[in-house]
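Each chain, written out:
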Amino acid sequence: MLSYDFIQCAVVILIIFIIGEIVSTQTKAFVPSVFVAAVLFLLGFWSGAIPTDIIDVSGFSALGISAMLCIVVHMGTMLSPRELLENWKTVVISLASLCGLVGFLMIIGSNLLDWNTVIVSIPPLAGGMTAAIIMQGGAMERGMETLAVLAIVIYVVQGFVGYPLTAIMLKREARRLMKQFAGERDSWIAAKGKGEDSKTEKSDTPASKRLIPPVPKKFRSIYMALFGVYLTVWISARLEMLTGGAVSRYVFCLVLGVIFCQIGLLEKNCLNETQSYGIFQTTAMAMVFAGLSSATPEMFKMIIGPLIAILVIGVAGLFIFAVIAGKILHFSWEMSFAVSLNALYGFPPNMIITNEVINSVTEDQEIKDYLTEHMMSKMLIGGFTSVTVTSTLLAGVFINLLR
């Protein structure tokens, strides 16, 4: 196996990301860059062309978790309280689709597969790494080594199903929204302009009218902006501890990002102001593929049959319940299914795929803004609902159902 130093590792990772972007651009996001990157990493690990510790050696893993948390804060500053509150429908659709996943696997899956196989599979399929690790540990304690492998492999490979399906759904949704935008373009632009004028007026008012007065311009710096972001992350971590882990720090980061932006502690698009968004996004994406290093061809051979059955049944449950819930709540079936598919990967791939789809369907910045407003918050909140919160709770329950 080849041995790289940290610079060579970083170069290889970036080459893979570039290839993924090129394929995504050439196929107009039909093949998402994260899917291409996942395939290249997996083939590289299996062939020995890429060292399995490439993410660690590159130094990306050291910044990985904090990078993802900072990006969530950044995305929160891009949302308004109104958007956050309005997305209760997204939460309902996400939870309903997870009920479909669990129900289909418990009822249909348990008639086709061994009970323990189904129980071990459900929490990892709901998306979270923590859930996969919990179920792996539970299986190992009971001497179920094959099922311990299954839990990790499901977590590792489910994105191969979720990435392309999500890209297809979001492209269909984007085309629908573009037709809708054509009929309301003038009113949307006018409303947007009114909002910007209002923000300008607020920025011209005396500092005393803000809960947190703005930092004098001469003291504004990259360090000051990063301090605000990391302070938000730190507060979120403490709040997670206070809730005993029942509410994830990722959720707190999103909510506090919205609140702190409104009161003046954070600026809108805060990481752009620090000129650090690019490196944070790259680091966060590198962390996504670190888990592939543990998946070997032998693992796939051991559990390929149950793996395929679980993915097919689980995704069918996600689809049917998401569409039903979406119909009741007046969401398009494409957007409903896309939201439910967050269970298969979560953040940050959902953000990357959404951006790629938006950039692939139009060059018009106003349309891009419109699509981002209508799609991004739904995808982010859907991901946090399923992967960050629910899957870990499922693992805590299902580990006690192993026989």
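Quick caveat: nothing in here was measured; it's all calculated off a predicted structure.

About the thresholds
- Residues numbered from 1 in each chain as written.
- Predicted model: local features only at pLDDT ≥ 70, side-chain atom pairs only at ≥ 80, totals over all residues.
- Heavy atoms only, no water.
- Helix = DSSP H or I, 4+ residues; strand = E, 2+ residues; numbered from the N terminus.
- Rg over C-alpha atoms; globule rule 2.2 N^0.38 Å.
- Buried < 20%, exposed > 50% of the residue type's maximum accessible area, 1.4 Å probe, protein only.
- Contact = heavy atoms within 4.5 Å.
- Areas by Shrake-Rupley, 256 points an atom, 1.4 Å probe, with all protein chains shown as cover.
- Lys, Arg positive; Asp, Glu negative; His and termini not counted.
- Charge placed at Lys NZ, Arg CZ, Asp CG, Glu CD.
- Patch = residues over 30% accessible without salt bridge, like charges linked within 9 Å, V, L, I, M, F, W, Y side chains within 5 Å.
- Salt bridge = Lys/Arg side-chain N within 4 Å of Asp/Glu carboxyl O.
- pLDDT = per-residue confidence, 0-100.
- Axes fitted to C-alpha atoms, helices over the stretch in contact; angles between N-to-C directions.
- Parallel < 35°, antiparallel > 145°, perpendicular 65-115°, else oblique.
- Nonpolar A, V, L, I, M, F, W, Y, C, P; charged D, E, K, R; others polar.
- Expected span 1.5 Å × (residues − 1).
- Core = buried A, V, L, I, M, F, W, Y, C linked by side-chain atoms within 4.5 Å.
- Phe/Tyr/Trp six-rings, centres within 6.5 Å; stacked < 30°, edge-to-face > 60°.
- Lys NZ or Arg CZ within 6 Å of the ring centre and 35° of its normal.

S.K.: Before we go on, may I ask you to explain the overall build of the protein chain in this structure?
M.R.: A tally of helices and strands in the protein chain yields 17 helices and 0 strands. The C-alpha radius of gyration of the protein chain comes to 22 Å, within 12% of the 22 Å expected for a compact globule of 403 residues. Counting only C-alpha atoms and orienting by the principal axes, one finds that the protein chain spans roughly 65 × 55 × 45 Å. Scored against the burial criterion, the 403 residues of the protein chain give a buried share of 50%. Summarising the internal contacts of the protein chain: among those between residues at least 6 apart in sequence, 82% fall at separations of at least 24. Accessible surface, the protein chain as shown: approximately 18300 Å² in total, 65% of it carbon and sulfur. Distance from the positive charge centre (27 side chains) to the negative charge centre (27 side chains) of the protein chain: 6 Å.

S.K.: Quick question: what am I supposed to make of a nonpolar patch on the surface here?
M.R.: On the surface, a cluster of nonpolar side chains totalling about 530 Å² of accessible area is made up of Phe319, Ile320, Phe321, Ile324, Ile328 and Trp333. Mapped onto the elements, tryptophan 333 comes out in helix H15 (residues 333-340). Of the residues examined, tryptophan 333 reaches a relative accessible area of 35% and is grouped as partly exposed.

S.K.: Where do I start with unusual backbone geometry in this structure?
M.R.: Excluding glycine, residues mostly carry a negative phi; peptide bonds, for their part, are mostly trans. Phi is positive for asparagine 269, which is not a glycine, with a value near 55°. Within the element layout of this structure, asparagine 269 appears in the loop between helix H11 (249-263) and helix H12 (270-273).

S.K.: Hey, could you run me through the environment of isoleucine 279 in this one?
M.R.: Looking at where isoleucine 279 falls in the secondary structure, it is placed in helix H13 (residues 277-290). A relative accessible area of 43% places isoleucine 279 in the partly exposed class. Sequence spacing of isoleucine 279 and alanine 96 is 183 residues, and the spatial spacing of their C-alpha atoms is 35 Å.

S.K.: Sorry if this is basic, but what is going on with the environment of isoleucine 222 here?
M.R.: Note on placement: isoleucine 222 falls in helix H10 (residues 222-242). Distance in space between the C-alpha atoms of isoleucine 222 and valine 161 is 39 Å, their sequence separation being 61 residues. Contact partners of isoleucine 222, with chain neighbours within four places excluded, come to Glu273, Thr274 and Gln275.

S.K.: For this particular structure, what's the right way to read helix H7 (residues 115-125)?
M.R.: Along an α-helix, residues three or four apart share an orientation, since each turn contains 3.6 residues. With 10 of its 11 residues buried, H7 lies for the most part within the structure. What H7 keeps buried is the set Asn116, Thr117, Val118, Ile119, Val120, Ser121, Ile122, Pro123, Pro124 and Leu125.

S.K.: Would you mind going over the confidence of the model for the protein chain with me for this structure?
M.R.: Keep in mind that low pLDDT regions are not for reading the predicted coordinates in detail. With 91% of its residues at a pLDDT of at least 70, the protein chain reaches an overall mean of 84. Contacts from residues 202-208, a stretch scored under 50 in pLDDT, to residues over four places away or in other chains number 2 contacts.

S.K.: Just to check I follow, could you spell out the packing of H13 against helix H16 (residues 349-361) for this structure?
M.R.: For any two helices packed against each other, one specifies the crossing angle of their axes together with the interaxial distance. The geometry of H13 relative to H16 is characterised by a closest axis approach of 10 Å and an angle of 120° between their N-to-C directions. The orientation of H13 with respect to H16, classified from their angle, is oblique. Contacts from Tyr277, Gln281, Met285 and Val288 in H13 reach Pro349, Met351 and Ile352 in H16. By residue class, the composition of the contact of H13 with H16 is 6 nonpolar, 1 polar and no charged.

S.K.: Got a minute to help me understand H10 in this structure?
M.R.: Between its first and last C-alpha atoms H10 spans 30 Å; for 21 residues at 1.5 Å apiece the expected length is 30 Å, and the two agree. Among the residues making up H10, those that are buried are Ala225, Gly228, Val229, Thr232, Val233, Ser236, Ala237 and Glu240. Against helix H4 (60-77), H11 and H12 lie the buried residues of H10. At the exit of H10 stands glycine 244, carrying a positive phi of roughly 65°.

S.K.: What am I meant to see in the nonpolar core here?
M.R.: One broad trend across soluble globular proteins is that nonpolar side chains are buried collectively. Among the nonpolar cores identified, the biggest contains 124 residues, and Phe41, Ile54, Ile71, Phe289, Leu292 and Met351 are the most heavily contacted of them. Not counting residues within four places of it along the chain, the set of residues in contact with phenylalanine 41 comprises Ile13, Ile16, Phe17, Ile50, Ile54, Ile55, Phe289 and Leu292.

S.K.: Looking at this structure, how should I read the packing of aromatic side chains?
M.R.: Aromatic rings considered in pairs are described by the distance between their centres and by the relative angle of their planes. Tallied over the entire structure, the rule returns 8 aromatic pairs. A ring pair is formed by phenylalanine 35 and phenylalanine 160, whose centres lie 5.8 Å apart and whose planes are at 80°; its orientation type is edge-to-face. Of this pair, phenylalanine 35 sits in helix H2 (residues 33-47) while phenylalanine 160 is found in helix H9 (residues 145-204), placing the two residues 125 residues apart along the sequence. Between the aromatic rings of tyrosine 163 and tyrosine 345, the centroid separation amounts to 5.6 Å while the plane-to-plane angle is 45°, which identifies the pairing as tilted. A residue pair is termed long-range when its members are at least 10 positions apart, and tyrosine 163 in helix H9 and tyrosine 345 in the loop between H15 and H16 qualify at 182 residues. One aromatic cluster is present, built from ring pairs that chain together Phe17, Phe41 and Phe45. Geometry around tryptophan 115 places arginine 403 over its ring, the cationic atom sitting 4.3 Å from the centre.

S.K.: Any chance you could explain the pattern of salt bridges here in plain terms?
M.R.: Charged atoms that come close allow side chains of opposite charge to pair. This structure, assessed with the given rule, holds 3 salt bridges. Put simply, arginine 176 and glutamate 173 hold a salt bridge, and the shortest N to O gap is 2.8 Å. Remark: glutamate 173 and arginine 176 occur in helix H9; sequence separation between them is 3 residues, near one turn of the helix. You can call glutamate 173 buried: its relative accessible area is 3%. For glutamate 240, the salt bridge identified is with arginine 249, shortest N-O distance 2.7 Å. Note on arginine 249: relative accessible area 29%, which makes it partly exposed.

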